[in-house]
Number of protein chains: 4
Amino acid sequence: MTKQQITKTDKDFDIMGNYRRVRVGIVGASGYGGVQLVRLLIDHPDVEVVYMGGDSTTGKKFADIYPHLAHAINLTVEKVDPEVIAERCEVVFLSVPNGLACQMAPILLAKGCKVLDLSADYRFTNLSTYSAWYGKERSDNETASKAVYGLPELYRERIAEAQLVGCPGCYPTASLLALSPLLKQGLIVPETAIIDAKSGTSGGGREAKVNMLLAEADNSIAAYAVAKHRHTPEIEQICSELAGHEVTVQFTPHLVPMVRGILSTVYANLRDPGLVRDDLITIYRAFYRNSPWIKICDADTYPQTKWACGSNLCYIGIEVDTRTGRIIVMSVIDNLIKGQAGQAVQCMNLMMGWDETLGLPKLGFYP
Amino acid sequence: MTKQQITKTDKDFDIMGNYRRVRVGIVGASGYGGVQLVRLLIDHPDVEVVYMGGDSTTGKKFADIYPHLAHAINLTVEKVDPEVIAERCEVVFLSVPNGLACQMAPILLAKGCKVLDLSADYRFTNLSTYSAWYGKERSDNETASKAVYGLPELYRERIAEAQLVGCPGCYPTASLLALSPLLKQGLIVPETAIIDAKSGTSGGGREAKVNMLLAEADNSIAAYAVAKHRHTPEIEQICSELAGHEVTVQFTPHLVPMVRGILSTVYANLRDPGLVRDDLITIYRAFYRNSPWIKICDADTYPQTKWACGSNLCYIGIEVDTRTGRIIVMSVIDNLIKGQAGQAVQCMNLMMGWDETLGLPKLGFYP
Amino acid sequence: MTKQQITKTDKDFDIMGNYRRVRVGIVGASGYGGVQLVRLLIDHPDVEVVYMGGDSTTGKKFADIYPHLAHAINLTVEKVDPEVIAERCEVVFLSVPNGLACQMAPILLAKGCKVLDLSADYRFTNLSTYSAWYGKERSDNETASKAVYGLPELYRERIAEAQLVGCPGCYPTASLLALSPLLKQGLIVPETAIIDAKSGTSGGGREAKVNMLLAEADNSIAAYAVAKHRHTPEIEQICSELAGHEVTVQFTPHLVPMVRGILSTVYANLRDPGLVRDDLITIYRAFYRNSPWIKICDADTYPQTKWACGSNLCYIGIEVDTRTGRIIVMSVIDNLIKGQAGQAVQCMNLMMGWDETLGLPKLGFYP
Amino acid sequence: MTKQQITKTDKDFDIMGNYRRVRVGIVGASGYGGVQLVRLLIDHPDVEVVYMGGDSTTGKKFADIYPHLAHAINLTVEKVDPEVIAERCEVVFLSVPNGLACQMAPILLAKGCKVLDLSADYRFTNLSTYSAWYGKERSDNETASKAVYGLPELYRERIAEAQLVGCPGCYPTASLLALSPLLKQGLIVPETAIIDAKSGTSGGGREAKVNMLLAEADNSIAAYAVAKHRHTPEIEQICSELAGHEVTVQFTPHLVPMVRGILSTVYANLRDPGLVRDDLITIYRAFYRNSPWIKICDADTYPQTKWACGSNLCYIGIEVDTRTGRIIVMSVIDNLIKGQAGQAVQCMNLMMGWDETLGLPKLGFYP
C-alpha cells in the first residue's frame, strides 16, 4: 500500500539500460547487528549486498551461520581486506568491535567508499573522550574530524553530505531522541536529567556469556555498569552540543528478560512550572515534524517496546508531574533496528540522496 | 534486493491511467490474526484495505485499538453488513469466530466478492464432521461444497480458481505440510502417525483468559485438549484424501511459553525400512520444488520456530531412526502468518493470479 | 542446617500436653498473594490454616482452584462472615480488594483477633490521603489510628505490640528499604528522590486482563500509571516520617516481562559530596544490622531480582556517581513474598513474639 | 504445618549429647544441579555440608560464585582429592561431567562413604552400553555392578541398602515415571512407545553456549539430538527390565523457552482396547500408592510443568484416545529437583534410613 517513490539518476542504469543497484559490503555480518543489517539490505530495493567480511567466520558460507537465511543470500564470509572491499563496494558498513573500524575506514574513504561505522570509533568529536572511556589510543584525528554522528533526526543535512558516519549506540539513540527537544529549547535544567534505560539481551551481542544465558537472564532484571557505562559520554557529547554548554547526565542501563527493545525513561526538572503535558506534546510534535520515524504518543499513552520492535520507529510518550515539576519522557526503539542496523540504513539512504524511509520496516512485529 | 515481478492487466488502471489497487475488506480486524492480516495487507503492493468490520469494536478507530499502527492505517471499525461490504470490496477476509462466516459468505459470494474465511466454517467437505466437532448445525451445503481448502502447497490450482477459500487452522497447516509427502506417496503406515504439536500463546487469541496470563503461562508448558482438539478432524480429512482412504491420527497440542510459532513433531512408521534420511530429504525437496514458502533443512539440521517467525515460511527437518523404523518430521511456522494471515494472503495472491509470494515477508524475525 | 529456635509458652500446649499450633484464617486465598500466603503458612511450623474465605470462589475446594496443591491443603472456601472467622481463628490475614478490609477488621479486632491487612486500607495515618488516592470515603478513623505500618525493618517494635497491621504495598516495600537509611540520616536532598521501579506481572493479580496476557506482555516493557500510581502517597508518608518533614517523591512503575520480582532503582542527590560508596555501604549495613532479611551487596555488585525470588529477602546494591553527586540504590525483592505474603508472615511472627525469620524461605529460587 | 518425624539413633549425638548432623560433601557444586543440591542440603534438617570440591573453581569461595547465597553457606571450593573427601564426609554427591565419577567413586566407597553419582557413570548395568553411547572405555565393572539405579519409585528397597547410587538423568526420570505402570503390568505394546519430551534450558547446564543465550532460545522451540540422545539407552534399560524383554523406545527431546521443568508426553498403544481412562488412573494410583512424590491427576486434568517446579514432585496426567486405542501420559517434574538434585537427596534419605520426603520441598513455586 505504501510504495516508495524513487527517482533514479542515469548512473543507476548500466550501459545495457538495466537498473543497477548500489553495491554494499558488510564487515562483521555474523553478529546480531550484522544479521539484522543483512536482512534489511536484502529487503532494500536499491542496494545489493556483494561482500561480507569477518574474522572468526572467514571462509564460512553465511548460510552455514544462519541456515534459515540460506534461501535469501548466497555469500561466503571473506577475509577482511579494505583494498578489496573498496574495489567491490560503493558503500561499506562496519559492524565490528571498537578499535577496528578506525583501522579500516581511512583506506576505504581514500578509495572513495561511503562508510557507515556501527562501532564507537567515529562517534566522538573529541578523541580523548573516546580514549578515556574505551581505553584505546587513537591518532586518526583527521579522519575522525570528518565523521558525522549518525542520528538523522538531529543531523540530517550533515549526514546527507558525509562520507563517513559514526552511527550512534543503541542507548544514546533512545535517550537522545527523548531529550533533544528539551535541551535544544532550554526547557529543562540539564543537570537534573536522569536516564533510566532498559534493554533486551540482544544488545549484548551473540557472544556466549554466562550472564546472558536464558537460564540466568530470564525472569530477572538488574542494572549493570551503573555510573560507568560507555554510552554515557556519547550521550553527554550530544546533550552538551544541544544545550550549548557542558552537560553531565545520569545514565543507568538495565538488562531486561526480553530479546529486543530499549525503553528509556528520562526524568528532568522543567524550568517553567507552567508548562503542561499538552504543551510538551505539541513541542515534541513540532520538533519532529520532519522526522518520519518518530511518533509522539497521545496524552496518557505510554509506549511499550513491543510497538517499535521489528520497525525503525521510535515512539515517545510524555508525562508531566505537576506535583514535582518534572517531565518524564519514555522512548522506545528496537535496539537492533533504530538502535543499530536500521539507523545505519536510514543514514545510508540520506547519504545516497534517497528518501530516508526507503526499504525500512514501518510496522512493529506485534504481538 | 528481491523485487516482485508484477504483470498488470488493463483493468488495474483507472480511466486516468493511474494504477488502481484491489480493494479489500477485513471483518474481525482487532484480534491477533486480524491485526497481522492488516499489517500484511498494508505492506502488500497491490491491495488497499478499504473496510474494517467488527462487532464489539464497532465505531472505534483501528488506531485506538492499536495505537502503534496509527501512522499506517486510518480506518474506523464499522458495523458488519455484508451488503455494504460487497459494494466496497473486491476481496473480503473473514477473521471471525466459528459459525459467523457461514452467515456472511453466501451474500458476499452472490455479489461477486472473492472470500477468504479464516474460521473453521469452510474447511470441511463434510458438514456433519463440522457439526460433530463444532457443535453447530449448518444448512449451507451448497456454498460449502464450492469452498476450497486453502493450503496452497496441496491445492494451488483449485485455490487459483476458487471464489471461496476456507483457510486452514494453524496446527493443520504445520502438521499437513509435514505429513503430505509421506501420505501422498504411501511411504508410511498412516495409523501410526502421531503429531505432537507445540504452539505459542498468540494462537489462543486476544481474549483475556486466566490461563493465558503471562504469570500463568510463562515458564511452563502443558498439553491441552488431548485427544479432542478440533483441529483433529481437519487434519484427518486432508490426510485421508492424500492417502486415498480414511486415516485417523493422534494429535496433541501443547501451550509453550512464547508468543508466536508452532512446531509439529510428527512420528510415523516407514513402510520401507530401507529408506534412509537422505532419500527422504530428496523426496521432500521434490514434493515441494514448486512451493516457494517451504524450505527443507539439510541433514542433521532441525528447525526452530524462531527461524520462521515473522515470515510466511515453513521449515521442515527430517530424521529417520533406523533403530525403530520411524521417520520424525519437524515443521515450524509462524502461527499468525503461515498458520493464519499470511497463508490467507498467499491464497488471495493465487486467486488474483499474482505470484504467490507477492507482498509476503521472506525473512524470519531473528534473533 | 538452619533450625529455628522457638520458645513455646505453656498456652501453646493443650490439656493433653500436645503442641497446639496457632489457628489462622485467610480471607481472599485464591489470588496470587493469597496462594503464596497459603504456601508459606503450610510450611510454617507454628501455625495451622483453619479457615479460607472468599467471594467469587465460595463453596469451592481450594484444591479445585489450585489442583497442584491438593496434597497439601484440604479446605473449602467459605462465605466471608467476620463473626465466624473470629470464633475459629486467632490470626486473620485479609488479602482482599481495597475497601473491604476496613469493613471486616473492626469486628475481628473487637473479638480479639490479630489482623494483618494486605490491602491498602490500613496503610495510611491520614485517611484523607487514602480517600483522595483510592476514591473511597472512610469513617473508621479510630481503627485506622491503631494500625501499624507493617514494614518490620522500620517498625519492628510497634508491630510486635500491634493488634492490627496494614501491610505495605510491593513497590513501597522495595522503595522504602532502599531509601530509609538515606532519609533517616539526612544524607540526601529528599525532593531529588526518583524511584524507577520495575515489576513482574504477577503484581497485577490473577484477574484476566488483556494487557497481562503473555502474548501482550512478553518481550516488552513499558511504564504505567506515570506520576499517578497509588503507591506514591504510601511511599511519601513514610519518607516524610523518616525525614521529619513533608517529602514528595517521583515514582514510576514499569511492567517487566517476568512473573515475579521488583527492582527499584532509586536516585537521589547526596548532601555531602565527600561521601563515597564504601561509606554508604557501611551506613546501610549498620542501619540494617538487626534486620535478617536485608542483605547489602558488596561494592560493584548489583542485585538481580532472581536472587530474591522465592525468598523473603531484600538485596540492596549501592553506587555513588562522583561525577553527578548522586547515589543510586538498587533494591530487589520477590513482590509476592517480601512484597506481600512473606512480609505479612514476618509481621505475624513479630506479633506472636516469634523470631521474625520463622518459617520463611531464605534461599532464592535460582536459576 | 508438616513437620518431619525423625527418629535419631544414639550415634547421631556426640559425646556432649549434642545432635550431630550427617556430614556431606559435594563435588561439582557450581553448576545448576550443584547449586540446587547445595540449597536443598542447606534446608535439610539432618545433614551439614562440610565440603565442596571443584576443578575450574578451586580456591573460590562459593559465595563469590553465587553472591546471593553468601548468607547461607560459607565454604571455599577445594581441589578434588577423594582421600581427603572420604576423611571428612559420610555421604558424597558427585555432580561432575561424565567419566569423572568412575575415577572417584571406587576410592570413596573403599573408605566407607555412601556415594550418590549424578552423572551417567553408574546408571548402566551393562558398561558396553555406556561406552557405546558415551564414547568412553570403562574397566570398573565390579564397582558398576554394585551401583543401584536411583529411581526410588522403582527401586526403593535396593537404594536403601546401596552404598553407591547412580542417579537417573532428568529425561529418564520423567519418562520412566510415566511409562513404568504400563510396562510393569504389560498394558501396552512396548515398541509403540514414543516419548516426546520438552525441557527448560537449565538442563543444558551453566556453560556459556550460543544456542542457550536468551536472545537465541527465548520465544523459540526446537527438537535436538533426534533419535540419538544419550538418555535413550538409559530409558530403554529400565523399560526392558520392567517389560521382561528388550524394549526400544522413540525418544525426542525439545528445548523450551523456560528455565526449569520437563514435560514428557508419552504415547503408546494399549493392548486391551477395553481399558478406559478411569481404569488407568486407578492403576496408576495403585502403582504409586507408596510413593509420596508422585501425584496422579484427576480425569481431564493435565499437568503443567509450573506445578512441579520448585518441588520434588512429579505430576502425571492420563488420557485415553478411544478413537486410536492409544494412551497418552503426561508427566511433569522440575528437572533440577526431581530430575536431579532432589532425587539424589531422596535417595540419600533412603540410604540413611530416613523418611524419603525429609527436607525436600513439597509445594511448587507458583505462579
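Conventions and cut-offs
- Residues numbered from 1 in each chain as written.
- Chains lettered and ligands numbered in written order.
- Predicted model: local features only at pLDDT ≥ 70, side-chain atom pairs only at ≥ 80, totals over all residues.
- Heavy atoms only, no water.
- Least-squares fit on C-alpha atoms with pLDDT ≥ 70 in both.
- Contact = heavy atoms within 4.5 Å.
- Buried area = accessible area lost by both parts, 1.4 Å probe.
- Salt bridge = Lys/Arg side-chain N within 4 Å of Asp/Glu carboxyl O.
- Polar contact = N/O pair within 3.5 Å; in protein donor to acceptor, adjacent residues only side chain to side chain.
- Helix = DSSP H or I, 4+ residues; strand = E, 2+ residues; numbered from the N terminus.
- Nonpolar A, V, L, I, M, F, W, Y, C, P; charged D, E, K, R; others polar.
- Buried < 20%, exposed > 50% of the residue type's maximum accessible area, 1.4 Å probe, protein only.
- Pairing = 2+ DSSP bridges.
- Disulfide = S-S within 2.5 Å.
- Domains from an automatic or database assignment.
- UniProt positions renumbered as here; feature names shortened; annotations may be inferred.

**Student:** When you look at the relation of the copies chain A and chain B in this model, what are you seeing that I'm missing?
**Tutor:** Between the two copies of the chain lies a relationship made up of a rotation around an axis and a movement along it. Under the fitted operation, chain A is carried onto chain B by 0.0 Å of movement along the axis and a turn of 180 degrees, and the coordinates agree to an RMSD of 0.0 Å. Within this description, the copies of the chain are treated as partners about a two-fold rotation axis. When the interface residues of chain A are mapped onto chain B, 100% of them are again interface residues, pointing to one common binding face.

**Student:** Teacher, can you tell me more about the interface of chain A and chain C here?
**Tutor:** How big an interface is tends to be stated in terms of accessible area lost as the parts join. Across the boundary between the two partners, chain A contributes 52 residues, which contact 52 residues of chain C. Together, the buried faces of chain A and chain C total about 4,000 Å²; carbon and sulfur atoms form 51% of this surface. Where chain A meets chain C, there are 8 salt bridges. Asp196(A) serves as the salt-bridge partner of Lys198(C), at 2.9 Å between the closest nitrogen and oxygen. Here chain A and chain C share 42 residue pairs in polar contact (both at pLDDT 80 or more) between them. Tallying contributions element by element places strand β7 (residues 194-199) of chain A first for the side of chain A that touches chain C, with 4 residues. Here the residues of the side of chain A that touches chain C are counted per class, giving 26 nonpolar, 12 polar and 14 charged.

**Student:** Explain the relation of the copies chain A and chain C to me, please; I cannot follow it from the model alone.
**Tutor:** Of the transformation placing chain A onto chain C, the axial shift is 0.0 Å and the rotation is 180 degrees, giving an RMSD of 0.0 Å. Looking at the interface residues of chain A, 100% of them are also at the interface in chain C, so both copies use one shared face.

**Student:** Any chance you could explain the side chain of His44(B) here in plain terms?
**Tutor:** Its location among the elements puts His44(B) in the loop between α1 (32-43) and β2 (47-53). Side-chain polar atoms of His44(B) contact the side chain of Asn349(B), separated by 2.9 Å.

**Student:** How should I be thinking about the pairing of strand β13 (residues 326-333) of chain A in this particular structure?
**Tutor:** On a regular strand, each side chain points to the face opposite its neighbour's, so the side chains alternate between the two faces of the sheet. Residues and elements named next belong to chain A. Within β13, 8 of the 8 residues are buried, leaving the element largely enclosed by the surrounding structure. In β13, alternate side chains face the same way, and those of Arg 326, Ile 328, Met 330 and Val 332 on one face and Ile 327, Val 329, Ser 331 and Ile 333 on the other are all buried. Here strand β10 (residues 262-269) runs beside β13; their pairing, made up of 8 bridges, is antiparallel. Across the sheet, the residue bridging to Asn 269 is Arg 326, located in β13. As defined by bridge partners, strand β12 (residues 314-321) adjoins β13 across 7 bridges and the pair is classed as antiparallel.

**Student:** Any chance you could explain the sheet that holds strand β1 (residues 22-27) of chain C here in plain terms?
**Tutor:** Note on sheets: strands pair through backbone hydrogen bonds, and any given pair is parallel or antiparallel. All names here are of chain C. Spatial strand order, β2-β1-β3-β4-β6-β5: 6 strands in an open sheet with parallel pairing. Because the sheet does not close on itself, it has two edges, and the strands there are β2 (47-53) and β5 (148-149). Bridging between β1 and strand β3 (residues 91-94) involves 4 bridges; their strand directions are parallel. Its bridge partner lying in β3, Ile 26 is registered against Phe 93.

**Student:** Any chance you could explain the interface of chain A and chain B here in plain terms?
**Tutor:** The interface is formed by 43 residues belonging to chain A together with 43 residues belonging to chain B. For the pair chain A and chain B, the two sides together bury roughly 3,600 Å², of which 64% comes from carbon and sulfur. The interface formed by chain A and chain B contains 0 salt bridges. The interface formed by chain A and chain B contains 14 residue pairs in polar contact (both at pLDDT 80 or more). Those elements giving two or more residues to the side of chain A that touches chain B turn out to be α1 (32-42), β2 (47-53) and α12 (305-308) of chain A.

**Student:** Sorry if this is basic, but what is going on with unusual backbone geometry here?
**Tutor:** Residues apart from glycine generally show negative phi values, whereas peptide bonds are mostly found in trans. Residue and element names in this part refer to chain A. Here the amide bond leading from Tyr 366 into Pro 367 is cis, since omega sits at 0 degrees, within 30 degrees of zero. We note that Ala 227 has phi near 65 degrees; this positive angle belongs to a residue other than glycine. You can see Ala 227 is positioned in the loop between β8 (222-223) and α10 (231-243).

**Student:** How do you make sense of the sheet that holds strand β12 (residues 314-321) of chain D when you look at a structure like this?
**Tutor:** Residues and elements named next belong to chain D. Spatially, the 7 strands line up as an open sheet ordered β8-β9-β7-β10-β13-β12-β11, and their pairing is mixed. The outermost strands of the open sheet, each flanked by one partner alone, are β8 (222-223) and β11 (294-296). As defined by bridge partners, strand β7 (residues 194-199) adjoins strand β9 (residues 250-255) across 6 bridges and the pair is classed as parallel. Pairing of Ser 199 across the sheet is with Leu 255, part of β9.

**Student:** Teacher, can you tell me more about the state of the cysteines here?
**Tutor:** A covalent bond between the sulfur atoms of two cysteines is referred to as a disulfide. Evaluated as defined, the whole model comprises 0 disulfides over all chains. Not engaged in a disulfide, the cysteine Cys102(C) finds its nearest cysteine sulfur in Cys167(C); these two sulfurs lie 15 Å apart. On the accessibility criterion, Cys102(C) (13% relative accessible area) is buried. Here Cys167(D) is not disulfide-linked; the sulfur of Cys347(D) is the nearest cysteine sulfur, at 4.8 Å.

**Student:** How do you make sense of the domain arrangement of chain A when you look at a structure like this?
**Tutor:** All names here are of chain A. Entries for chain A in the domain assignment read domain 1 (10-167 + 339-351) and domain 2 (171-335). The C-alpha-based centres of domain 1 and domain 2 are spaced at 26 Å. At the interface, 26 residues of domain 1 touch 31 residues of domain 2. Carbon and sulfur atoms supply 51% of the area buried between domain 1 and domain 2, which totals about 2,300 Å² over both sides. Among the residues domain 1 hides against domain 2, the three largest losses belong to Tyr 32, Trp 133 and Glu 153. Together they make up 28% of the total. At the junction of domain 1 with domain 2, the criterion picks out 2 salt bridges. Measuring nitrogen to oxygen at the nearest pair gives 3.1 Å for the salt bridge that ties Glu 234 to Arg 123.

**Student:** Teacher, can you tell me more about the UniProt feature "active site" (unreviewed entry) in chain A here?
**Tutor:** Residues and elements named next belong to chain A. Look at the UniProt record and you will see "active site" (unreviewed entry) annotated at Cys 170. With respect to the helices and strands, the residue Cys 170 is situated in helix α8 (residues 170-184). Sequence-distant contacts of Cys 170, defined by excluding residues within four places in its chain, comprise His 231, Ile 262, Ile 333, Asn 335 and Gly 339.

**Student:** Just checking my understanding: could you explain the pattern of salt bridges for this structure?
**Tutor:** A pair can form between side chains of opposite charge whenever their charged atoms are brought close. Within this structure, the stated rule accounts for 80 salt bridges over all chains. Between Lys228(A) and Asp300(C) there is a salt bridge whose closest N-O contact spans 3.7 Å. With one member in each of two chains, Lys228(A) in the loop between β8 and α10 and Asp300(C) in the loop between β11 (294-296) and α12 (305-308) form a pair that bridges those chains. On the basis of relative accessibility, which here comes to 46%, the residue Asp300(C) falls in the partly exposed class. With a closest N to O distance of 4.0 Å, Glu142(B) and Lys146(B) form a salt bridge. Note that Glu142(B) and Lys146(B) are positioned in helix α6 (residues 141-146) at a spacing of 4 residues, about one turn of the helix. Relative accessible area serves as the criterion here: at 59%, Glu142(B) is assigned to the exposed category. On the basis of relative accessible area, Lys146(B) is assigned to the exposed category, the value being 56%. Members of the salt-bridge network, linked through shared partners, are Asp196(A), Lys198(A), Asp196(C) and Lys198(C).

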